[in-house]
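Structural overview
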Amino acid sequence: MKFGVVRFPGSCDEVDAQLAASRVGEAVLLWHGDRDLQGVDAVIVPGGFSYGDYLRVGAIARFAPVMEEVVEFARAGGPVLGICNGFQVLCEAGLLPGALLPNAGLRFVCRDVDLVVEDAATPFTRACTPGDRMTIPVKHTTGRYHLPPDGDVRVVLRYAPGHNPNGSEGDVAAVASAAGNVFGLMPHPEHAVDPLTGSTDGLKVFESLARVPAGA
Amino acid sequence: MRARVLVRPKAGILDPQGRAVERALPALGFDGVQNVHVGRLIELDVDDPNQLEAMCEKLLANPLIEDYEIQT
């Protein structure tokens, strides 16, 4: 499996995402100004502060040339993983429902949180079982998930009771598109892949993706 | 033409910035302050003000979480 990790001006987790993806496949960086996905099998939109978070988180990044290709790739069924700022970008781009708002506590939160797997049928969670608990760090100021008006959302991960770090509605930590091929989450699975830094639960996301049959 | 766009959090959505300001004012002796909301002001010169609404829908605001008001 070949992963492409988008690099915007202001991204800061693209190298960690590339290293995490490299554990289960090949991973290359995709420059925001290029309309070229280099034939990858999966796209990762990483964390950071794309375009300085100017105007509104993710608002400018969604218009980057590479995002036109990512949207087309997603509409054709290709797997797209948005982490933190990447989740915000995918919501702004209309690939995922809802929006991310400033944390209820207004503070930057950086700590491990416990998550509960709700939907293990997506390409990003198929290495999990519903009800599994995972420990993965969050680090964000704008992570309060707001449901769309119809409330029609495919919730994949929720913060475990007492672990909601930002006031997200329904304790939602991760959602997928109806078809399941677009996935966004505020926690950082790419920071939880090596025992050196604590939990390795984040590997499950990458291992799940590596199980997707090529061309699916 | 000079235009202003006011963007504010949609009613009913928790606005922690507004709440923080609302709590800070009485601490400074300003009593009787309620319903504080913090948004942003965008000022711009436009040739065609008819495009402002589309600009708001597409970029300047996120209609899911924000209301906008165009002043020309």
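Refer to the structure above for everything that follows.
My aim in this report is to walk through the structure given alongside it, one point at a time. This one's a predicted model, so the numbers in the text were calculated from it and none came from an experiment.

Parameters and conventions
- Residues numbered from 1 in each chain as written.
- Chains lettered and ligands numbered in written order.
- Predicted model: local features only at pLDDT ≥ 70, side-chain atom pairs only at ≥ 80, totals over all residues.
- Heavy atoms only, no water.
- Helix = DSSP H or I, 4+ residues; strand = E, 2+ residues; numbered from the N terminus.
- Rg over C-alpha atoms; globule rule 2.2 N^0.38 Å.
- Buried < 20%, exposed > 50% of the residue type's maximum accessible area, 1.4 Å probe, protein only.
- Contact = heavy atoms within 4.5 Å.
- Lys, Arg positive; Asp, Glu negative; His and termini not counted.
- Charge placed at Lys NZ, Arg CZ, Asp CG, Glu CD.
- Buried area = accessible area lost by both parts, 1.4 Å probe.
- Salt bridge = Lys/Arg side-chain N within 4 Å of Asp/Glu carboxyl O.
- 1 Å grid on protein atoms, 1.4 Å probe; cavity = no way out; pocket = protein on both sides within 12 Å on 5 of 7 lines; lining within 4 Å.
- Points joined across faces, edges and corners; volume = space filled by probe spheres on them.
- Nonpolar A, V, L, I, M, F, W, Y, C, P; charged D, E, K, R; others polar.

Some remarks on the overall build of chain B
Helix and strand counts for chain B come out as two helices and three strands. In chain B, the succession of α and β elements from N to C terminus is β-α-β-α-β. In terms of C-alpha radius of gyration, chain B reaches 15 Å, well past the compact-globule figure of 11 Å for 72 residues. Counting only residues that meet the buried cut, chain B has 25% of its 72 residues in that class. When contacts within chain B are restricted to residue pairs at least 6 apart in sequence, long-range pairs at least 24 apart make up 65% of them. Counting 8 positive and 12 negative side-chain charges, chain B places the averaged centre of each group 5 Å from the other.

Re the interface of chain B and chain A
The interface of chain B with chain A comprises 15 residues on the first partner and 19 residues on the second. Counting each side, the surface lost to burial between chain B and chain A is near 1300 Å², with a carbon and sulfur contribution of 71%. In this assembly, chain B and chain A are joined by one salt bridge. Put simply, R56 of chain A and E66 of chain B hold a salt bridge, and the shortest N to O gap is 3.8 Å.

Structural notes on the layout of surface pockets
A volume near 650 Å³ is recorded for the largest pocket. Listing elements by their share of the lining of the largest pocket, those giving two or more residues are α3 (85-92), β5 (99-101) and β7 (133-140) of chain A together with β1 (2-9) and α1 (16-27) of chain B. Across the lining of the largest pocket, the residue classes tally to 18 nonpolar, 10 polar and 10 charged.

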